[in-house]
Amino acid sequence: MSLPDHLTPRRHPDTAFRVFEGEAVLISPAQNMVRTLNVTGSRIWELMDGEHSIADIAAILSQEFEVSTAHALSSVRAFVQELAERQLVQLAS
Amino acid sequence: MDPYQSLLDRLKRQHTPYAVTWELTHRCNLACFMCYNVPRAQPELSTEEALDVLEQLARAGVLRLTFTGGEVLARRDFLTIARRARELDFAIDIKTNATLITPELADELAALHPVEVEVSLLGATPETVQGVMGGHRTLNRILGGVRLLLNRGVRVTLNSLMMRINLHEREAMMALARELGVPHRMVFKISPDDDGNDKSRGQQLPFEDMVTLYGEMCEPFQPRPGHPRARTCSVGLHACLIDPYGVVFPCIELRIPAGSLRQQPFETIWREAPIFRELRERHTLAHMPACRTCPLQTYCEGRCSGAAWKERGDLYAPHTLACRQAQARYHSLHPAEPIPSPAFFLEPAP
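Just so it is clear, the structure is predicted and the values come from calculations on it, not from any experiment.

Trainee: So what about the overall build of chain A? Which residues, and what values?
Mentor: A count of helical and extended segments in chain A gives 3 helices and 5 strands. Element order for chain A, N to C, with α for helix and β for strand: β-β-β-β-α-α-α-β. Over its C-alpha atoms chain A spans a radius of gyration of 12 Å, differing by no more than 12% from the 12 Å that the globule rule assigns to 93 residues. Projecting the C-alpha coordinates of chain A onto the three principal axes gives extents of approximately 35 × 30 × 20 Å.

Below, the structure is given as C-alpha cells:
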C-alpha cells in the first residue's frame, strides 16, 4: 500500500547527514548504518523537513529534474516508504 | 567499491574536511600517568567561541565530529555544545573515561544519539586501573558509567592502551568487554606528550609481546608493496584536530599548528595553512627514502608522521615504534627466518 500524499516526512532526529556535491551521506547511530544517496535521493532527503508533504516534494522534484509529476510522486512515495521502514524518517499527517 | 568508501576517497582527493577530532578541554578528573596532553596557561575556548566553531565546521562540510579531552564531561558546557552539534546534523562520537556519568547525565548523553561512546579501560582490576588512572574506585566508576549508557541503548566501545603495566590483564579486559556485550579495541601505541616529551616510553610493550600479540590477534596480513605515490596515512586530506584553545592541527599526533580559530576562519586554515599544503603535496613514500627502501616496508602499517616529528624532528623519517612493530609483524609471520633490520637506527631485534 502506498503512502498518502499528504503525509509530511521528517528526517529522524537521531540521523546525522551532510550533502557533498549533491550526494548525501547519512549516519544512523540507532541503525548502526552509513548510507549514501544519489543526487535525487539527496534532494528528497533535504526536503524531508517535516514541512513539505510527499505531494510537495514530488512537485519540487518534478520541476527540478524535469520529470512528470506522476513519475516523481511514485518515486518519492517508494523512497519515503523505504526510509520509513528503516526508521530513517518519521511520518506525520 | 562500497559507495561510502568511494565517497570518502573522493573527499580525500578533493581535500574536503569530513572528520574533526576536537579536544574540548585538557581538564580531567583523573591523572593517567601516560596522558599526552600538555595544558597551556591560556583560556580554553568559551561556550560562545565553541558554538561559533561548530557553525564554521558545519559550513565547511564536516560530518564526523569526535569530542575528546582531557575529559569532555569535565567541561560544564559539554551538553550545550554537543546538543548544538546534533542540531547542526553532525554525527558525534564521544571519548570519555565514563567516571562522571550519573543516571541524569546518561539520559542526556543518550538523547544526543552519539554514533559511539568510546570509554578507556586501562586494566581489569581496581589496583591496575588505580595505578594507571589514579582517582578513587576508578574501575567501579568506569563500569558503572558504561552500564548506565548501555541501559539507555548507547553504543559503547572499550578502548585499552596496552602497556607493560596492564598487559597481564589483557584477557581479563577482553572478558569484561564480553560480559558487558561491547566491542573491545586494543591499541599498542603510547604517544609522546604533545610537546614531544616521551615520558612513558618505558611502558611500550617489549618486542616479544608485540610478536605474540600480532600472532594471536591480527587479521591475516598480506605484505603490500608501497608505491612511491602511496601515503602511509591520510593525514591532512580529510580530517584534522582542534585543541581546547582553538588551534587546528593535522591530527592528534602531529602537533604542528596550522592556525588558530581565534585569529582565522576554519576554512582559511584548512585551505591555506602551510602544514596542510605540505602534507597534501608531499606526504607520500616518494618523500620518505628511508621507509621506501626499507626491507620491512611491506610489513609496516603503523608509521606515523606525528611520531616521526616528535622523535626525529622530521615528518618523513621512520620512527622507532613503527620499525619495531614492522619487525614484530615480520617475525610473527616468519618465525624461523632472521628478522631484517630496518634501514634505520634501531638496535637489532632480540
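Trainee: Outline the overall build of chain B, supporting the account with residue identities and numerical values.
Mentor: Along its length, chain B carries 13 helices and 9 strands. Taking 2.2 N^0.38 as the reference for a compact globule, 350 residues should give roughly 20 Å; the C-alpha atoms of chain B span a radius of gyration of 20 Å, in line with that estimate. Seen through its principal axes, chain B has C-alpha atoms that stretch 55 × 50 × 45 Å. For chain B, the share of sequence-separated contacts (at least 6 apart) that also reach a separation of at least 24 residues comes to 71%. Put simply, chain B shows about 15300 Å² of open surface, and 52% of that area lies on carbon and sulfur atoms. Both charge centroids of chain B, one from 40 positive and one from 41 negative side chains, sit 3 Å from each other.

Trainee: Break down the packing of helix H3 (residues 78–87) of chain B against helix H4 (residues 103–111) of chain B for me, with residues and values.
Mentor: Residues and elements named next belong to chain B. At their nearest, the axes of H3 and H4 sit 10 Å apart, and the two run at 20° to each other. By the angle between their directions, the pair H3 and H4 is classed as roughly parallel. When you trace H3 past H4, the crossing you get is left-handed. Touching Phe78, Leu79 and Arg83 of H3 are Leu105, Glu108 and Leu109, all from H4. By residue class, the composition of the contact of H3 with H4 is 4 nonpolar, no polar and 2 charged.

Trainee: Got a sec to walk through the pattern of salt bridges? Specific residues and values, please.
Mentor: With the rule as written, the count across this model stands at 28 salt bridges over all chains. One salt-bridge network, in which partners are shared between bridges, spans Lys95, Glu116, Glu118 and Arg185 of chain B.

Trainee: Tell me about the sheet that holds strand S5 (residues 156–161) of chain B, and please be specific about residues and values.
Mentor: Residue and element names in this part refer to chain B. With respect to topology, 9 strands assemble into an open sheet ordered S6-S5-S4-S3-S2-S1-S7-S8-S9, the strand pairing being mixed. In this open sheet, the two edge strands, each paired with only one partner strand, are strand S6 (184–187) and strand S9 (259–260). By the bridge criterion, 4 bridges tie strand S2 (residues 64–68) to strand S3 (residues 91–96) in an arrangement that is parallel. Across the sheet, residue Arg64 finds its bridge partner in S3, namely Ala91. Lying over the sheet, helix H7 (residues 170–180) contacts S5 and S6, oriented at roughly 155° with respect to S6.

Trainee: Could you give me a rundown of the sheet that holds strand S4 (residues 33–37) of chain A, with the residues and numbers involved?
Mentor: Strand order across the open sheet formed by 3 strands is S2-S3-S4 (chain A), with antiparallel pairing between neighbours. The two strands at the open ends of the sheet, each matched to only one other strand, are strand S2 (16–20) and S4 of chain A. Neighbour-to-neighbour, the strand axes of this sheet turn through a mean angle of 15°, independent of strand direction. When S2 of chain A meets strand S3 (residues 23–28) of chain A, the two strands line up antiparallel, connected through 5 bridges. Following the sheet pairing, Val19 of chain A is matched in S3 of chain A by Ala24 of chain A. On top of the sheet, helix H1 (residues 3–14) of chain B reaches S2, S3 and S4 of chain A; it is set at about 70° to S4 of chain A, its chief contact.

Trainee: Requested: an account of the nonpolar core, with residues and values cited.
Mentor: Core analysis: the largest hydrophobic core is formed by 91 residues, its most contacted members being Trp22, Leu57, Leu65, Phe67, Phe78, Phe90 and Leu109 of chain B. Ranked by size, the runner-up nonpolar core spans 23 residues in total, among them Phe17, Ile54, Ile57 and Phe79 of chain A.

Trainee: Please give an account of H7 of chain B that cites residues and values.
Mentor: All names here are of chain B. When H7 is considered as a whole, its buried residues turn out to be Arg170, Met173, Leu176, Ala177 and Leu180. Angularly, the buried residues of H7 cover 120° about the axis, an arc narrow enough to put them on a single face. Of the exposed residues in H7, the ones pointing more than 90 degrees away from its buried face are Arg178 and Glu179. Against the buried residues of H7 lie helix H6 (138–151), S5, S6 and helix H8 (207–217). Looking at the residues trailing H7, positive phi occurs at Gly181, about 75°.

Trainee: Explain helix H2 (residues 47–60) of chain B residue by residue, including any values.
Mentor: Taking 1.5 Å as the rise per residue, H2 of chain B with 14 residues should run 20 Å; its terminal C-alpha atoms sit 20 Å apart, in good agreement. Considered for burial, the residues of H2 of chain B that qualify are Ala50, Val53, Leu54, Gln56, Leu57, Ala58 and Ala60 of chain B. Where H2 of chain B is buried, its residues contact S2 of chain A together with strand S1 (19–23), S2, H3, strand S7 (239–242) and helix H9 (266–272) of chain B. Phi turns positive one or two residues past the end of H2 of chain B, at Gly61 of chain B, with a value near 105°.

Conventions we followed
- Residues numbered from 1 in each chain as written.
- Chains lettered and ligands numbered in written order.
- Predicted model: local features only at pLDDT ≥ 70, side-chain atom pairs only at ≥ 80, totals over all residues.
- Heavy atoms only, no water.
- Helix = DSSP H or I, 4+ residues; strand = E, 2+ residues; numbered from the N terminus.
- Rg over C-alpha atoms; globule rule 2.2 N^0.38 Å.
- Contact = heavy atoms within 4.5 Å.
- Areas by Shrake-Rupley, 256 points an atom, 1.4 Å probe, with all protein chains shown as cover.
- Lys, Arg positive; Asp, Glu negative; His and termini not counted.
- Charge placed at Lys NZ, Arg CZ, Asp CG, Glu CD.
- Axes fitted to C-alpha atoms, helices over the stretch in contact; angles between N-to-C directions.
- Parallel < 35°, antiparallel > 145°, perpendicular 65-115°, else oblique.
- Left-handed = near helix turned anticlockwise from the far one by under 90°.
- Nonpolar A, V, L, I, M, F, W, Y, C, P; charged D, E, K, R; others polar.
- Salt bridge = Lys/Arg side-chain N within 4 Å of Asp/Glu carboxyl O.
- Pairing = 2+ DSSP bridges.
- Core = buried A, V, L, I, M, F, W, Y, C linked by side-chain atoms within 4.5 Å.
- Buried < 20%, exposed > 50% of the residue type's maximum accessible area, 1.4 Å probe, protein only.
- Arc of directions from axis to C-beta.
- Expected span 1.5 Å × (residues − 1).

Keep in mind these numbers describe shape, not what the thing actually does.
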